[in-house]
Amino acid sequence: MAIIHGRNLIVSLNGTPIVGARSCEITVNTGEIEISSPSQGAWRDFIVERKEWTVSTSHLVTAGGNRLKTEAAMVGQTVTLRFTEKDTQDILTGEAIVKSWKATGTLGNLAQGAFSFRGKGALS
């Protein structure tokens, strides 16, 4: 089994890598609809709804030019997320909307940023 490192999430806009992750989290969810009724006994039964996925990630904020303005402007854009193995082979890929971005800095520490993404379509 291969080890997947947090740095192996690459965020691309129009085919150009923009941000590499320091840490990341993928969540895949589905909903359910109850199809049973009290007259059918003591146990509930469900059918599965469609799936959805989200990603949250953190990264170090880098200096230079309008980098912070560029990252802030990404909110609302569609980007491609790629999880790779050893930076060569895609394991998971999908398009996502940038839901939010924040930058945090504290005295004596490196500034960090964070993105939140919501998947558009399949994560394959």
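Details of the structure are given in the entry above.
Worth saying up front: this structure is predicted, and the values here are computed from it rather than measured.

Novice: Explain the overall build of the chain here, please?
Specialist: Counting secondary structure elements, the chain contains one helix and seven strands. Considering the chain as a whole, with its 124 residues, one finds that 24% of them fall into the buried category. If you take every contact in the chain between residues at least 6 apart in sequence, the share linking residues at least 24 apart comes to 55%. Total accessible area computed for the chain in this model is approximately 8500 Å², and 53% of it derives from carbon and sulfur atoms.

Novice: What am I meant to see in the environment of serine 39 here?
Specialist: Note on placement: serine 39 falls in the loop between strand 3 (23-34) and strand 4 (46-60). Relative accessible area serves as the criterion here: at 72%, serine 39 is assigned to the exposed category. Here serine 37 takes part through its side chain, which lies 2.9 Å from a polar atom of the side chain of serine 39.

Novice: Looking at this structure, how should I read the pattern of salt bridges?
Specialist: A pair can form between side chains of opposite charge whenever their charged atoms are brought close. Enumeration over the complete set of coordinates arrives at two salt bridges. Between arginine 44 and glutamate 34 there is a salt bridge whose closest N-O contact spans 3.6 Å. In this pair, arginine 44 sits in the loop between strand 3 and strand 4 while glutamate 34 sits in strand 3, placing the two residues ten residues apart along the sequence. Judged by relative accessible area, which is 60%, arginine 44 ranks as exposed. For glutamate 34, a relative accessible area of 36% gives the class partly exposed. Between arginine 118 and glutamate 52 there is a salt bridge, and its shortest N-O distance comes to 2.6 Å. Pair noted here: arginine 118 is in strand 7 (residues 112-120) and glutamate 52 is in strand 4, with a separation of 66 residues, a long-range link.

Novice: Sorry, what's going on with the nonpolar core here?
Specialist: The nonpolar side chains of a soluble globular protein tend to be buried, and buried together. Counting residues in hydrophobic clusters, the biggest one holds 16 residues, and the most contacted among them are Val11, Met74, Val79, Leu81 and Phe117. If sequence neighbours within four positions are ignored, phenylalanine 117 has contacts with Val11, Thr54, Val55, Thr57, Val79, Leu81, Ala96, Ile97, Val98 and Lys99.

The rules behind these values
- Residues numbered from 1 in each chain as written.
- Predicted model: local features only at pLDDT ≥ 70, side-chain atom pairs only at ≥ 80, totals over all residues.
- Heavy atoms only, no water.
- Helix = DSSP H or I, 4+ residues; strand = E, 2+ residues; numbered from the N terminus.
- Buried < 20%, exposed > 50% of the residue type's maximum accessible area, 1.4 Å probe, protein only.
- Contact = heavy atoms within 4.5 Å.
- Areas by Shrake-Rupley, 256 points an atom, 1.4 Å probe, with all protein chains shown as cover.
- Polar contact = N/O pair within 3.5 Å; in protein donor to acceptor, adjacent residues only side chain to side chain.
- Salt bridge = Lys/Arg side-chain N within 4 Å of Asp/Glu carboxyl O.
- Core = buried A, V, L, I, M, F, W, Y, C linked by side-chain atoms within 4.5 Å.

Honestly, that's just the spatial picture; any functional story needs more than this.
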